[in-house]
Amino acid sequence: QKNTKNKHTRLKNMNSSNSNNNTQNREFDLIIWGATGFTGKLACAYLSNDRSKFYSYNLQNVCTSQNKKDRRTIKWAVAGRSKSKISSLLSSVSAPSSTPIFVIPSIDDANKPFIDDMVSKTKCIVSLAGPFQLYSDSIVESCCRLGTHYVDVTGEPLWVRRCVDRGYDEMAKRSGACIVNFCGYDSIPSDIGCLFALDELEKMKEGEGGGGSTLHRKVTCYQCVFDGGKPSMSGGTLASDVLTTNTTQSSSSSSSPTMIHPHLFSENSSNNKNKNNQFQTKAWYSKDVKSWVGPFPMEKINVPATNRSAYFLNYAASSSLNNNNSQNTFSYQEVAVAPTQKAAMKLERLRTHPIPPSKMEQMIEQGRLPKPGQGPTPSHRSVLSFMALLVAEEEEDPNNNHETKKRKVCVAIKGGDPGYEETSKMVIESALCLILQPNSCPGLAKGGGGFQSSAMCMGRTLITRLQHAGIQFLKVEDAKKEVDLFWSDGMKRMMEMKEKKGPRAKL
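How each quantity is defined
Residues numbered from 1 in each chain as written. Predicted model: local features only at pLDDT ≥ 70, side-chain atom pairs only at ≥ 80, totals over all residues. Heavy atoms only, no water. Helix = DSSP H or I, 4+ residues; strand = E, 2+ residues; numbered from the N terminus. Buried < 20%, exposed > 50% of the residue type's maximum accessible area, 1.4 Å probe, protein only. Contact = heavy atoms within 4.5 Å. Axes fitted to C-alpha atoms, helices over the stretch in contact; angles between N-to-C directions. Left-handed = near helix turned anticlockwise from the far one by under 90°. Pairing = 2+ DSSP bridges. Expected span 1.5 Å × (residues − 1). Arc of directions from axis to C-beta. Phe/Tyr/Trp six-rings, centres within 6.5 Å; stacked < 30°, edge-to-face > 60°. Lys NZ or Arg CZ within 6 Å of the ring centre and 35° of its normal.

Peer 1: Residue-level account of the overall build of the chain, with values.
Peer 2: Looking only at helices and strands, the chain has 20 helices and 14 strands in total. Counting over 507 residues, the chain shows a buried share of 56%. Partitioning the contacts of the chain with sequence separation of at least 6, the portion at a separation of at least 24 is 80%.

Peer 1: Could you give an account of the packing of helix α10 (residues 188-207) against helix α12 (residues 299-312), naming the residues involved and the relevant values?
Peer 2: At a minimum axis separation of 8 Å, α10 and α12 run at an interaxial angle of 35°. The two elements α10 and α12 meet at a crossing, and its hand is right-handed. Between α10 and α12, the residues in contact are S190, D191 and C194 and N302, A305, T306 and S309, respectively.

Peer 1: Give a detailed account of the sheet that holds strand β6 (residues 178-180), specifying residues and quantitative values.
Peer 2: Backbone-to-backbone hydrogen bonds pair the strands of a sheet. The strands run either parallel or antiparallel. Judged by pairing direction, the sheet is parallel, and its seven strands sit side by side in the order β3-β2-β1-β4-β5-β6-β13 without closing on themselves. On the outer flanks of this sheet lie β3 (101-103) and β13 (450-452), each paired with one strand and no other. Each strand of the sheet is rotated relative to its neighbour by a mean of 20°, with strand direction disregarded. Running at roughly 155° to β3, helix α5 (residues 83-92) makes contact with β2 (76-80) and β3 of the sheet.

Peer 1: So what's going on with helix α13 (residues 341-352)? Residues and values would help.
Peer 2: For an α-helix the count is 3.6 residues per turn, leaving residues at separations of three or four pointing the same way. Counted at 1.5 Å a residue, the expected span for α13 with its twelve residues is 16 Å, and the 17 Å between its end C-alpha atoms agrees. Among all positions in α13, only A344, L347, E348 and R351 are buried. Angularly, the buried residues of α13 cover 100° about the axis, an arc narrow enough to put them on a single face.

Peer 1: Describe the side chain of T423, and please don't skip the residues or the numbers.
Peer 2: Looking at the element boundaries, T423 is found in helix α16 (residues 421-436). Once residues lying within four places of it in the same chain are set aside, the contact partners of T423 are T39, V153, C183, G184, Y185, D417 and P418.

Peer 1: Report on the packing of aromatic side chains, specifying residues and quantitative values.
Peer 2: In the structure shown here, the tally under the stated rule is twelve aromatic pairs. Among the aromatic residues, those joined into a ring-pair cluster are Y46, F54 and Y57. Stacked on the ring of F265, the Lys or Arg R308 has its end atom at 4.7 Å from the ring centre. When the ring centre of Y57 is taken as origin, the NZ or CZ atom of K425, which lies over that ring, is 3.9 Å away.

Structure below.
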């Protein structure tokens with residue numbers, strides 16, 4: 001009964017808080033830290049329902065009335081390093097003039113009392129200030145110590161692991177604070193999408209009367225991003241990437257891993273040698289989507305985040321039976337769908353021969369890449385979209401007689417501009433789960449805290465909130481048809497944009 005025992009042990013440890021987290025009487029529901037950054041501005045616009053700042057979807061039309069009501073009723077504030085910039089930002093997104101402002105001039109020991117004061121006054125911190133290892137480290141420590149929930153959009157897995165290894169995880173469990181990283185495009189569609197795909201697989205199994213031992217489960221995420229043929233990263237994201245690549249381990253955190261690997265956040269070492277649990281390095285032709293695919297640039301963020309959920313939520317075992325097979329395995333892999341074989345081979349070259357950080361820094365200085373605070377233009381964002389296709393498969397021994405049966409299901413998560421417009425929505429909705437629906441969040445329902453993934457902490461409650469906010473979660477029958485439609489819709493939007501702006505219009 002090893003698998004069942006391990007599952008209960010993990011869930012017990014996940015909810016091992018010694019403290020009743022009670023933030024209900026705090027002054028604010030949430031505070032946005034890093035409000036003047038590119039994503040921060042959009043998060044403030046989302047909260048104040050300023051639809052003029054969103055170009056890849058109509059904010060007024062895609063959200064339900066309950067979603068709009070939730071955003072109107074919460075009490076929020078903003079925080080950053082410059083009061084004048086924050087005031088200007090609030091005015092530009094039609095936020096109430098009475099919106100409170102917290103000014104933290106710098107993240108250092110001298111300002112720690114001001115950080116603690118801010119953190120202690122809110123139920124949740126939404127951190128959008130990157131690079132996170134520079135501008136959010138002290139914020140996380142205060143949240144863990146003071147019992148304040150925390151969500152962010154970091155893409156820095158090693159920084160998150162170092163926070164855990166420095167004792168922040170145990171501190172958060174004691175205070176009851178839920179610390180949920182990767183709540184943007186990295187890695188909500190992957191992590192929550194995997195949970196959604198396995199739910200659909202379980203429905204299929206129940207419909208077929210399945211009840212035997214699950215031998216193996218595999219989920220492959222096919223990421224589709226329409227970028228109009230132009231990079232869509234912001235300056236803040238690039239700065240984080242450069243710093244993460246350049247960062248070396250300090251002596252004080254020498255026990256932490258120095259390299260990102262698929263199981264960075266889980267203790268599952270038995271599957272590490274499985275070829276389906278390694279990062280992708282090659283381009284190949286996928287029979288699932290009938291298209292060429294290649295290494296996905298965000299894979300090294302999304303795969304460790306999703307594997308953390310797989311470990312703690314025990315994706316290897318079927319939830320419909322008492323599965324005692326200790327040899328059960330689960331694997332998750334992620335690739336980018338390419339419009340052509342040539343594009344797939346380019347992704348392969350970028351993985352095997354990445355651009356050196358020094359070259360990226362030079363391109364930023366020359367203006368060839370955006371600086372912090374800069375990002376894709378409104379016309380560029382108007383054509384951006386994403387689709388994550390997740391194919392979930394399993395092998396089952398229906399009668400426990402060593403005769404296997406296979407089943408497969410495909411789901412899609414769809415939205416607009418993934419990196420900024422949808423990311424700002426995803427992280428705010430993640431926070432609203434913790435604030436407005438704590439009893440429906442698995443990571444909070446039993447008084448738990450600590451570092452958790454979005455699937456572990458908010459789970460299916462977040463899926464529902466994102467659906468009400470206009471992000472689609474669908475079961476699909478024909479993956480190739482979905483891919484073809486995705487590319488054609490993207491080209492149609494780009495042609496419509498150019499017709500409006502003239503034949504020489506640039507994104």
